[in-house]
Structure formats: structure tokens, C-alpha cells
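Chain residues, written in single-letter form:
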Amino acid sequence: MAAYLCPPAVIHGKHAVRTSQIVDEVRGRHPNAAWAPRIDGIAASTGIETRGWMLPLEAAVAPGSGSGLPAAGIGPAREALAGDGFTEQDVDRVITALEAIPAPQTVQERTAPAWSAVQSYGESAARGALQIAGLDAADVDCLITSHSTTPALPGLDVSLANRLPLRSEVLLLPATQWACIAGTRSLALAADLVAADPDRVVLIVIAEALSTTYQPADDTLESLIVRLLFADTAVAAVVTGRPRPESVLRLDAAWHHTLPGTQDLHRLETREDGTHFVMDRRGPRAVQETVTAMWEWLRLRYQDDPGSWHPDVLLAHPGGTRVLEYMEETMPDWWPSGLLSHSRDSYTSGNRGGAAVFDIMRRAYDAGQKAGSRAVLYAAAPGLTATALEGEWL
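Residues numbered from 1 in each chain as written. Predicted model: local features only at pLDDT ≥ 70, side-chain atom pairs only at ≥ 80, totals over all residues. Heavy atoms only, no water.

A.B. asks: I would appreciate a short explanation of empty space enclosed by the protein in the present structure.
C.D. replies: If you roll a probe as big as a water molecule over the atoms, it shows you where there is empty space left. Taken as a whole and assessed by the stated rule, the structure comprises one cavity of 30 Å³ or more. Of the pockets and cavities examined, the largest cavity occupies roughly 70 Å³. As for the largest cavity, its lining consists of 14 residues, and the residues nearest its centre are His 317, Ser 343, Ser 346, Tyr 347 and Ile 360. Every element with two or more residues in the lining of the largest cavity is listed here: strand 12 (313-317), helix 12 (341-347) and helix 13 (356-367). Among the elements that make up the lining of the largest cavity, the one with the highest residue count is helix 12 (three residues). Of the residues contributing to the lining of the largest cavity, the split by class is six nonpolar, seven polar and one charged. (1 Å grid on protein atoms, 1.4 Å probe; cavity = no way out; pocket = protein on both sides within 12 Å on 5 of 7 lines; lining within 4 Å. Points joined across faces, edges and corners; volume = space filled by probe spheres on them. Helix = DSSP H or I, 4+ residues; strand = E, 2+ residues; numbered from the N terminus. Nonpolar A, V, L, I, M, F, W, Y, C, P; charged D, E, K, R; others polar.)

Below, the structure written as C-alpha cells:
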């Protein structure tokens, strides 16, 4: 399977949003929520103090351009009020009051500026990755993209093909629904592509504006957690079928696993006011099942050397600290400690979804890895589905 990965480019959201800002905004909006007395403790338990967003917090909580009048308009509202016995003067006061109430942002108002930012950040990451790899846009043979939180058609692949620009015959492979698994699954796909043609150059670009799932009107505990967790990031990397001077990691094997009957545990829903990320409390336990399955894959892969083989670095995006803790508890006793240090470090500034594994890898690269170090990359996504890769640092 050998595929060679150059260091990724990582572009963090430029707007720093503090957890204290989110807590103040949510507390002011939902003072009577059942979880309101515990909000400080819930926020502290995430371990995240600041995250970067492509747009400022004010953009997420701003009212829409419409008013509180129903979609039917002023005329039907006047008729309904008059028919219910209101005087003309009372009708005028009610209509004036309704017009003064701001409506929530529409899907278009919320998504359009985020989609613009996703394209801009994606382009910056793509150009950075090509520069790191010592290549030009003209060298790219295939582009793999993912952006789950800003649905658009055409998508990021076509946008980047024009922005960079790429050759007209470049193969475009958009994967807008990979979500948190975009990092590992795009690498697995790229590895298959260069295995078929070692001379191919594959560019991967993942740009996620997860802040678009910040929905001010939601008052559930799960919605509060979503507000506190997500960060915006764009990442990109080049994969080749032959080693380059810039290559830092060789990918040797990939593993995929999907749990049946778990498609409703975590999901995106598009409603009137935009995209909502719906969490289920059973989700972490299901993700743990994919971790157990990954351990078994590695055990079988190295069953001829069960007492000595171990990864030297584990680049894992499981989506939360509970699963990181589970990974540490269930990995073999003889494996060294600290395998997840870069994963934990990445998580302290937010859950980056599909961009997370590349961000974690960049942190590992910047920290310095010895040639010959064995690496395992893992991610799980709504579905629940998981992909892992195993390889060696160069």
C-alpha cells in the first residue's frame, strides 16, 4: 500500500473565541435552563479555554434580517387579529411589536458567509501544502476535499480547481459527508490512488466551519456541549506514490469499520435557522467499540510479534476526552505512555472534526519524530464509522 505523506498545512480560525464568552452568551440567553446552575463546571470539564473560528462569535448569535411576523406577512396577520376581536388600534400596536422582534438567521444568512470563509481558508491551506511539498498546482493529478458543515454544490473541489487553479483534467473527488473521519479516510483513499499509479500526486484539502452548528435558540444540554467543543480549521497535505525529499510519513496499511444501527447517534440536521449537530449520549460508548475493533486489527496485523511491537505515536481523533481516556485504559500494558499527547494537545483548543488528524500530525511533526517511529492514525465519525492507518515516520 506504501504511500508517502508530506507535512500538512494547518490554518486555524483567526477569530479567538474564549469559553468564558460562550458561557456568558448562553447564560444570558437561557438563564432558566435545567443545566444553567452547572454551566461553569460543564465548560471547565471540556478542558478548552479558547478555540479559533473563521467568523467571530457575534456572527453566530446575530439576529436575522427578518422580523417576528409570520411568513404569511402583515396582511394575513392583520386579518387574523381583527377576526379575533382586536381593535384597529390594538392591531397596529401588535403588528409594530411583532415587526420589532428579530427573527433567527436563516440557513442562507448563516451558511453563506461560512461557505465563503471555507473556500478562502481551504485555498490558503492548499497553497501551503503545495509549498511544503515543493510542488505547484500544475503538479496535482487528483484533489480530495471534505467540508461537511457548509453544504454547497458545486463544492470545495470545484472551487479550489478554479482558485488554485488546477489542470482541467485533474480528478476531483469531493467527500462532503465524511465529517470527523475526513482526515484518515482521505489518506486511505489517496493511498489507494497512488498504489494504482505511483506517479500520481494527490492533494487533500479539508476545511470545516464547525462554528456554523452554534445555534443560539437551542436550550438542550447536548446543544450547550456542541457550542463549547467545536473549532474551525482548514488543513491540506500532499500524498505521493514515491518518496519525495519532503515526505515525512509512509502509510503502510488502512482499516475501516462501521457499526450497524448507529446512524442516529450523532448527526447533522438542517433546519430553518441552519445546521444543527445532534449528539446522543450513547455516542462515546459506540465510538469505544470502534477503538476495540482497531486494537484487534493491530493485534492481528502484528500477531507474529505480539510482545514487542507498539506504535511510537498515536494520532487519534475520537471526538472527546472520554474516548481518549478509554484508549489509554484499553491499549496493551507494555505500550509506552504518552502516545496520545499530541491528540490531547490538539483537543485543548477545540474539536476540529475532519481536520483534527492533520492538525495532530502537524503537532507531532513540529515536536520532532525519529525516523523509524511507528505511527497509528485513527478517527471515528457519525455513522458510526471509523478509519485507521498504520505507517512509519521517515
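A.B. asks: What is the right way to read the packing of helix 10 (residues 283-301) against helix 11 (residues 321-330) from this model?
C.D. replies: If you want to describe how two helices pack, look at the angle between their axes and the distance between the axes. Orientation of helix 10 relative to helix 11, taken along the N-to-C sense of each, is 35°, at an axis distance of 10 Å. Crossing handedness for the pair helix 10 and helix 11: right-handed. On helix 11, the residues touching Pro 284, Val 287, Gln 288, Val 291, Thr 292, Met 294 and Trp 295 of helix 10 are Arg 322, Val 323, Tyr 326, Met 327 and Thr 330. (Axes fitted to C-alpha atoms, helices over the stretch in contact; angles between N-to-C directions. Left-handed = near helix turned anticlockwise from the far one by under 90°. Contact = heavy atoms within 4.5 Å.)

A.B. asks: I'm lost on the packing of helix 6 (residues 107-133) against helix 7 (residues 156-163) in this one. Help?
C.D. replies: Two numbers describe how helix 6 lies on helix 7: the axes approach to 10 Å, and their chain directions differ by 55°. Considering their axes alone, helix 6 and helix 7 lie oblique with respect to each other. You can see that helix 6 and helix 7 cross each other, and the crossing is right-handed. Between helix 6, through Trp 115, Val 118, Gln 119, Ser 120, Gly 122, Glu 123 and Arg 127, and helix 7, the contact on the second element is made entirely by Leu 156, Ser 159, Leu 160 and Arg 163. Taken together, the residues that form the contact of helix 6 with helix 7 break down as four nonpolar, four polar and three charged. (Parallel < 35°, antiparallel > 145°, perpendicular 65-115°, else oblique.)

A.B. asks: Whenever I open this one, the layout of surface pockets confuses me. Can you help?
C.D. replies: The computed volume of the largest pocket comes to approximately 650 Å³. Lining the largest pocket are 29 residues, with Leu 229, Met 279, Pro 284, Gly 319 and Gly 320 sitting closest to its centre. Every element with two or more residues in the lining of the largest pocket is listed here: helix 2 (39-45), helix 9 (221-229), helix 10, helix 11 and strand 13 (374-381). Each residue belonging to the lining of the largest pocket can be placed in one class, and the counts come to 17 nonpolar, eight polar and four charged. What the second largest pocket holds in volume is close to 390 Å³. Ser 148, Thr 149, Thr 176, Gln 177 and Leu 268 are, among the 22 residues lining the second largest pocket, the residues nearest its centre. Looking at the lining of the second largest pocket, the elements with two or more residues in it are strand 10 (267-271) and strand 11 (274-278). Among the elements that take part in the lining of the second largest pocket, strand 10 stands out by supplying four residues, more than any other. Looking at side-chain class alone, the lining of the second largest pocket contains nine nonpolar, ten polar and three charged residues.

A.B. asks: Explanation requested: the nonpolar core in the structure shown.
C.D. replies: Grouped burial of nonpolar side chains is what soluble globular proteins tend to show. Among the nonpolar cores identified, the biggest contains 39 residues, and Leu 187, Val 202, Ile 204, Leu 249 and Trp 393 are the most heavily contacted of them. Per element, the largest residue contribution to this core is seven residues, and it comes from helix 8 (residues 182-196). (Core = buried A, V, L, I, M, F, W, Y, C linked by side-chain atoms within 4.5 Å. Buried < 20%, exposed > 50% of the residue type's maximum accessible area, 1.4 Å probe, protein only.)

A.B. asks: It is not clear to me how helix 8 should be interpreted in this structure. Could you clarify?
C.D. replies: Since the α-helix turns once every 3.6 residues, residues separated by three or four places project in the same direction. Compared with an ideal rise of 1.5 Å per residue, which puts 15 residues at 21 Å, helix 8 spans 21 Å between its outermost C-alpha atoms and is within 8% of the ideal. Extensive coverage of helix 8 is indicated by the burial of eleven of its 15 residues. Burial in helix 8 covers these residues: Ala 182, Gly 183, Thr 184, Arg 185, Ser 186, Leu 187, Ala 188, Ala 190, Ala 191, Leu 193 and Val 194. (Expected span 1.5 Å × (residues − 1).)

A.B. asks: I keep staring at the packing of aromatic side chains and nothing clicks. Help me out?
C.D. replies: The description of an aromatic ring pair uses the distance of the two centres, along with the angle that the planes make with each other. The final tally for this structure, using the stated rule, is six aromatic pairs. Look at Trp 309 and Trp 335: their rings are 6.0 Å apart centre to centre, the planes differ by 80°, and that puts the pair in the edge-to-face class. In this pair, Trp 309 sits in the loop between helix 10 and strand 12 while Trp 335 sits in the loop between helix 11 and helix 12, placing the two residues 26 residues apart along the sequence. With respect to class, Trp 309 is no different from Trp 335; both count as buried. Taken together, the ring pairs connect Trp 295, Tyr 302, Trp 309 and Trp 335 into an aromatic cluster. One residue, Arg 227, lies across the ring of Tyr 214, its end atom 5.2 Å from the ring centre. (Phe/Tyr/Trp six-rings, centres within 6.5 Å; stacked < 30°, edge-to-face > 60°. Lys NZ or Arg CZ within 6 Å of the ring centre and 35° of its normal.)

These results come straight from atomic positions and should not be treated as a statement about function.
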